[in-house]
Amino acid sequence: MDLDKFHRAFIYTWFSTIAAILQFKIPSFALMKAALKYLVGIAGPSGFGSKSTADQVTQHSSINSQLTAIITGATSGIGAETARVLAKRGVRIVIPARDLKKAAIVKESIQKESPMAEIILLEIDLSSFASIQRFCAQFLSLGLPLHILINNAGKFSQKLEFSEDKIEMTFATNYLGHFLLTELLLEKMVETAEATGIQGRIVNVTSVVHNWVKRDQFRFCKLLNPKNYNGTRAYAQSKLANILHAKELSRQLKARNANVAINAVHPGIVKTGIIRDHKGFITDSLYFMASKLLKSTSQGAATTCYVALSPQTEGISGKYFADCNESHCSVLANDETEALKLWKGTRVLIHRRLLPPVG
């Protein structure tokens, strides 16, 4: 996943924030306190914080029976790190990948560290409804249980592109693909939880940039085929949709007393070479401060691993996590009416595409 251009936009935002702080334009004491907590890595109620790594947050996770986890986007970045750490803890890993050669490299790397790790590679293209259906049919034919589903894969497209289903590519991949994947695997997760007594866990990887989305910009039909495309806005809208999906599905699972939880997590912005490219444009002090806002890959994967495995998150559903602690998402992301409306619109769209009219 290449998010360099998105990271660039995000880093510019951080730079302007830091500049405001240096000029004593502090919006509030609460913001300054939160920023300090993030920079220093002060632990929250969970005992972990922004500096915690995926290894650290799963160190005391007791796994009494083998769990099975599907992790999308696990061929690089925080997805690969999530797969490595869960495999290290004894979880059977299923990696859906568009590029099976890249997936094989990740598998080999994980098994060098954890020789007993069981890793299954299956092909998928998350922007294609047909490909997702094929993947789910293949997985279900294996007869394996499913305890954990991590919807981690993400795409950022600077220019307007469309999927084979004629839907804007970012929204198709980041939201619709994961919605359909979850829908097709949900009953397997519910059955596994009933048979084993182990709560199923779904993790939607989102982003703090969901806060940038304004209510009047979030219209389902416009997300499918935008007239005035902006890559950063499209990415932020897809991440808002990931949270709304978690909120509504959590409500439905609770209503049917299913022992499956779903939560959304913001991993943070992970360090890339891009920050070095901007060193010539900013002062050394700004460069130093900005670099402290970015996480290592292992720190970026920590919140996902914490929500997926920690006994502390048992029974928690429909929440938003950042830095391994429950956090606050935007007012729009918390809107139950908006969440239900998005869910209904998505179901109608997908079922129309999967079940075309006869005659």
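Quick caveat, the model's predicted, so the values are computed rather than measured.

Novice: Residues and numbers for the packing of helix α6 (residues 129–141) against helix α7 (residues 169–196), please.
Specialist: Contact geometry of α6 with α7 gives a least axis separation of 10 Å together with a crossing angle of 25°. Judged by the angle between their axes, α6 and α7 are roughly parallel. In this structure, the crossing between α6 and α7 has a hand that is right-handed. The residues of α7 that touch α6, namely those facing Phe129, Ile132, Gln133, Phe135, Cys136, Phe139 and Leu140, are Leu176, Gly177, Leu180, Leu181, Leu184, Leu185 and Lys188. Across the contact of α6 with α7, the residue classes break down as 11 nonpolar, 2 polar and 1 charged.

Novice: For the sheet that holds strand β7 (residues 320–322), give the residues involved together with the corresponding values.
Specialist: Pairing within the open sheet is mixed, and its 8 strands lie in the order β3-β2-β1-β4-β5-β6-β7-β8. Strands at the two margins of the open sheet, each flanked by one partner only, are β3 (119–123) and β8 (325–326). Here strand β4 (residues 148–151) pairs with strand β5 (residues 200–205) via 4 bridges, running parallel. The partner of isoleucine 150 across the bridge, within β5, is valine 203. In this fold α6 packs onto β1 (68–71), β2 (92–97) and β3, with an angle of close to 145° to the strand it touches most, β3. Contacting β5, β6 (260–266) and β7, helix α9 (residues 231–255) crosses the sheet at an angle of about 160° to β6.

Novice: Break down the packing of aromatic side chains for me, citing the residues and quoting the values.
Specialist: Inspection of every chain in the model, using the stated rule, returns 6 aromatic pairs. Three or more aromatic residues joined by ring pairs form one cluster here, namely Phe171, Tyr175, Phe179 and Phe220.

Novice: Break down the packing of α7 against α9 for me, with residues and values.
Specialist: Where α7 meets α9, the closest approach of the two axes is 8 Å, and the angle between their N-to-C directions is 20°. Of the possible angle classes, the one that applies to α7 and α9 is roughly parallel. The interaxial crossing formed by α7 with α9 has right-handed handedness. Contacts between α7 and α9 involve Thr170, Phe171, Asn174, Tyr175, His178, Phe179, Thr182 and Leu186 on the former and, on the latter, Ala234, Tyr235, Ser238, Lys239, Ala241, Asn242, His245, Leu249 and Leu253. Its residues assigned to classes, the contact of α7 with α9 shows 9 nonpolar, 7 polar and 1 charged.

Novice: An account of the pattern of salt bridges is requested, with residue identities and associated values reported.
Specialist: Taken as a whole and judged by the stated rule, the model has 15 salt bridges. In this structure, the salt-bridge partner of arginine 84 is glutamate 81, at a minimum N-O distance of 2.8 Å. Here the residue arginine 84 and the residue glutamate 81 both occupy positions in helix α4 (residues 77–88), the gap between them amounting to 3 residues, near one helical turn. For arginine 84, a relative accessible area of 17% puts it in the buried group. For glutamate 113, the salt bridge goes to arginine 84, with nearest N and O atoms at 2.9 Å.

Novice: For the nonpolar core, give the residues involved together with the corresponding values.
Specialist: The biggest cluster of nonpolar side chains holds 57 residues, and the ones touching the most others in it are Phe135, Phe139, Leu181, Leu185 and Phe218. Elements supplying a minimum of two residues to this core: β3, α6, α7, α8 (220–224), α9, β6 and α13 (336–354). The dominant element in this core, judged by the number of residues it contributes, is α7, at 12 residues. In this structure, phenylalanine 218 is in contact with Val213, Leu223, Gln237, Leu240, Ala241, Leu244, Leu332, Glu338 and Leu342, ignoring residues within four places of it in sequence.

Novice: Outline the confidence of the model for the protein, supporting the account with residue identities and numerical values.
Specialist: Detailed reading of the predicted model is not advised wherever pLDDT is low. Across the protein, the average pLDDT comes to 86, with 81% of residues at 70 or higher. Counted against residues more than four places away or in other chains, residues 15–26, with its pLDDT under 50, gives 14 contacts. In this model residues 273–283 is a low-confidence stretch, pLDDT under 50, and it forms 17 contacts with partners more than four residues away in sequence or in other chains.

Novice: I'd like a rundown of α13, residues and numbers included.
Specialist: Counted at 1.5 Å a residue, the expected span for α13 with its 19 residues is 27 Å, and the 27 Å between its end C-alpha atoms agrees. Of the positions making up α13, those classed as buried are Glu338, Ala339, Leu342, Trp343, Gly345, Thr346, Leu349 and Ile350. Elements that come into contact with the buried residues of α13 comprise α6, α7, α8 and α9. Between the side-chain oxygen at the start of α13 and the backbone nitrogen of threonine 337 there is a gap of 2.9 Å, and the oxygen is on aspartate 335.

The rules behind these values
Residues numbered from 1 in each chain as written. Predicted model: local features only at pLDDT ≥ 70, side-chain atom pairs only at ≥ 80, totals over all residues. Heavy atoms only, no water. Axes fitted to C-alpha atoms, helices over the stretch in contact; angles between N-to-C directions. Helix = DSSP H or I, 4+ residues; strand = E, 2+ residues; numbered from the N terminus. Parallel < 35°, antiparallel > 145°, perpendicular 65-115°, else oblique. Left-handed = near helix turned anticlockwise from the far one by under 90°. Contact = heavy atoms within 4.5 Å. Nonpolar A, V, L, I, M, F, W, Y, C, P; charged D, E, K, R; others polar. Pairing = 2+ DSSP bridges. Phe/Tyr/Trp six-rings, centres within 6.5 Å; stacked < 30°, edge-to-face > 60°. Salt bridge = Lys/Arg side-chain N within 4 Å of Asp/Glu carboxyl O. Buried < 20%, exposed > 50% of the residue type's maximum accessible area, 1.4 Å probe, protein only. Core = buried A, V, L, I, M, F, W, Y, C linked by side-chain atoms within 4.5 Å. pLDDT = per-residue confidence, 0-100. Expected span 1.5 Å × (residues − 1). Polar contact = N/O pair within 3.5 Å; in protein donor to acceptor, adjacent residues only side chain to side chain.

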